[in-house]
Amino acid sequence: MRFTPSTMMMGAMLIAMAGCSEPPPLYVDGAYVRLNANPNAPSAAYFTIHGGGEAVVLRDVTTEEAVRLELHESMTQDGMASMKKVETVDVPAKSTVKFEPGGKHVMLWNVNPQAIADGKMSFTFIFSNGDRILVDAAVQKADGSAATAPAGNAASDDIGNHSGH
Ligand SMILES: [Cu+2]
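Remember, predicted model here, so these are calculated numbers, not experimental data. (Residues numbered from 1 in each chain as written. Predicted model: local features only at pLDDT ≥ 70, side-chain atom pairs only at ≥ 80, totals over all residues. Heavy atoms only, no water.)

Undergrad: Outline the overall build of the protein, listing residues and values.
TA: Along the backbone of the protein there are 2 helices and 10 strands. In sequence order, the secondary structure elements of the protein are arranged as α-β-β-β-β-β-β-β-β-α-β-β. Here the protein, with 165 residues, has 34% of them falling under the buried criterion. Nonlocal contacts in the protein, meaning residues at least 24 apart in sequence, comprise 63% of its contacts between residues at least 6 apart. In the form shown here, the protein has an accessible surface area of approximately 10400 Å², with 55% of it arising from carbon and sulfur atoms. (Helix = DSSP H or I, 4+ residues; strand = E, 2+ residues; numbered from the N terminus. Buried < 20%, exposed > 50% of the residue type's maximum accessible area, 1.4 Å probe, protein only. Contact = heavy atoms within 4.5 Å. Areas by Shrake-Rupley, 256 points an atom, 1.4 Å probe, with all protein chains shown as cover.)

Structure (structure tokens):
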């Protein structure tokens, strides 16, 4: 297609409309679960929340694939690492709130063995503005490799096999 003046004009109009009327969406990405090397100890889920046009509060995270979840925050005080439970997490407008090793995380007790075998868990994030966001998370072993057992298919080792994190 040739770019005639009229098609160029339309493109510019679409960009201008998107720029002024669309508030940025609230969304969650980069979700993964890191299994504990000790199967009797809790595992953790990490992800990034991207704030939308208005400030919201993360009220809860739920899943059907673990017995219990808690929002936690890790901290180091006087050289001692510890973590505490938090009830909610603030997500300011247009902010990036990272849940990551050494910081905020979702603690998971008794992850469903089938979810581990599938290498995937589904979480629902519940926000104060009524948004319920469904997010899939890849399940990793404690060393960061993919949890899915290669079912007669060695190629499945490729995904998430980044050692030395
Ligand atoms: Cu924790």
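Undergrad: Go over the coordination of the copper ion, please, and point to the residues and values.
TA: Within the first shell, the copper ion binds the protein through H72 (ND1), M83 (SD), H105 (NE2) and M107 (SD), at distances of 2.1 to 2.3 Å. Considering all 4 donor atoms around the copper ion, the spread of angles at the metal, 96 to 119 degrees, places the coordination shape in the tetrahedral class. Judged by relative accessible area, which is 43%, M83 ranks as partly exposed. A residue is classified by how much of its surface remains accessible, and H105, at 4% relative accessible area, is buried. (Donors = N, O, S within 2.8 Å, 3.2 Å for Na, K, Ca; no water. Tetrahedral: all angles 85-135°; square planar, octahedral: opposite > 155°, others 65-115°.)

Undergrad: With reference to specific residues and values, describe the nonpolar core.
TA: Within the largest apolar cluster, 32 residues are counted, with the highest numbers of intra-cluster contacts made by I49, L108, F123, F125 and F127. Apart from the residues lying within four places of it in its own chain, the contact partners of L108 are V33, P42, S43, A44, A45, A66, R68, L69, M121 and F123. Core analysis: the next-biggest nonpolar cluster, separate from the first, contains 5 residues, Y32, Y46, M107 and W109 among them. (Core = buried A, V, L, I, M, F, W, Y, C linked by side-chain atoms within 4.5 Å.)

Undergrad: Explain the pattern of salt bridges to me, and be specific about the residues and the numbers.
TA: Summed over the entire model, instances satisfying the criterion amount to 3 salt bridges. With its nearest N and O atoms 2.6 Å apart, the salt bridge here joins E70 to R68. You can call R68 partly exposed: its relative accessible area is 40%. Salt-bridge contacts for E73 lead to K104; the nearest nitrogen and oxygen are separated by 3.7 Å. Here K104 lies in strand β8 (residues 104-111) and E73 lies in strand β4 (residues 66-77), a separation of 31 residues in the sequence. Looking at E73, the relative accessible area reads 24%, which means it is partly exposed. We classify K104 as partly exposed; its relative accessible area is 23%. (Salt bridge = Lys/Arg side-chain N within 4 Å of Asp/Glu carboxyl O.)

Undergrad: Would you mind going over the side chain of T124 in detail, with residue names and values included?
TA: Tracing the backbone shows T124 in strand β9 (residues 120-127). Given the relative accessible area of 16%, T124 is considered buried. In contact with T124, not counting residues within four places along its chain, are D60, V61, T62, R132, I133 and L134.

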